[in-house]
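For reference, the chains in residue letters:
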Amino acid sequence: MTLAHFLDGLRCASCGVLNVLWLDAMRGLVECSECRQIALTFPEVGEEVR
């Protein structure tokens, strides 16, 4: 399972369209391909990264 699998089945909070989110892991961003809304992602403090 990859990080992108967590976006399957989710709706954009701005436009409400299903399955249009994509992850830019290098920049830590999630973008909606319909309305172009961008959200910054970040890991929880103290969370172990494997």
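Keep in mind the model is a prediction, meaning the values are calculated, not measured.

S.K.: Would you take a moment to explain the environment of Leu21 for this structure?
M.R.: Inspection of the secondary structure puts Leu21 in strand 1 (residues 21–24). Here the alpha-carbon distance between Leu21 and Ile38, two residues 17 residues apart in the chain, equals 9.4 Å. Sequence-distant contacts of Leu21, defined by excluding residues within four places in its chain, comprise Leu7, Leu10, Arg11, Cys12, Val30, Glu31 and Cys32.

S.K.: Teacher, can you tell me more about the sheet that holds strand 1 here?
M.R.: Each strand in a sheet pairs with another by means of backbone hydrogen bonds, the pair being arranged parallel or else antiparallel. Read across the open sheet, the three strands follow the order 1-2-3; overall the sheet is antiparallel. Both outer strands of the open sheet, strand 1 and strand 3 (38–40), are each paired with one neighbouring strand and no more. Strand-to-strand twist across the sheet, computed as the mean angle between neighbouring axes with direction ignored, equals 25°. For strand 1 and strand 2 (residues 29–32), the ladder comprises four bridges, and the chain directions are antiparallel. When the sheet's bridge partners are listed, Leu23 is paired in strand 2 with Val30.

S.K.: Would you mind showing me how to read unusual backbone geometry here?
M.R.: Negative phi is the rule for most residues except glycine; trans is the rule for most peptide bonds. Phi at Asn19 takes a positive value of approximately 60°, unusual for a residue other than glycine. Within the secondary structure, Asn19 is located in the segment before strand 1. Of note, the phi angle at Arg36 is positive, near 65°, even though the residue is not glycine. Here Arg36 lies in the loop between strand 2 and strand 3.

S.K.: Whenever I open this one, the environment of Arg36 confuses me. Can you help?
M.R.: By relative accessible area, which is 51% here, Arg36 ends up exposed. The sequence separation of Arg36 and Ser14 amounts to 22 residues, and the corresponding C-alpha distance is 9.5 Å. Polar contacts involving the side chain of Arg36 include one to the main-chain carbonyl oxygen of Ser33, which spans 3.4 Å.

S.K.: Sorry, what's going on with the side chain of Glu31 here?
M.R.: Turning to its location among the elements, Glu31 is positioned in strand 2. Overall, Glu31 belongs to the buried group, its relative accessible area being 16%. Once residues lying within four places of it in the same chain are set aside, the contact partners of Glu31 are Val20, Leu21, Trp22, Arg36, Gln37 and Ile38.

Conventions adopted
Residue indices begin from 1 for each chain and proceed along its sequence in written order. Owing to the predicted nature of the model, reporting of local features is limited to residues with pLDDT of at least 70; listing and counting of side-chain atom pairs is limited to 80 or more, with chain, interface and lining totals taken over all residues. Remark: hydrogens and water are excluded; side-chain values derive from all non-hydrogen atoms of the structure. Counting from the N terminus, the helices are DSSP H or I runs at least four residues long and the strands are E runs at least two residues long. Contact definition: two residues touch when any of their heavy atoms are within 4.5 Å. Pairing between strands is defined by DSSP: at least two bridges between them are needed. An axis is simply a line fitted to the C-alpha atoms; with a helix, the fit covers only the stretch in contact. Between two such axes, the angle follows the N-to-C directions and lies from 0 to 180 degrees. Throughout, exposure labels follow a simple rule: accessible area from a 1.4 Å probe, protein chains only, divided by the maximum for the residue type, with under 20% read as buried, over 50% as exposed, and the rest as partly exposed. Under this definition, polar contacts are N or O atom pairs within 3.5 Å; protein pairs additionally need one hydrogen-donor-capable and one acceptor-capable atom, and for neighbouring residues in sequence, both atoms have to be side-chain atoms.

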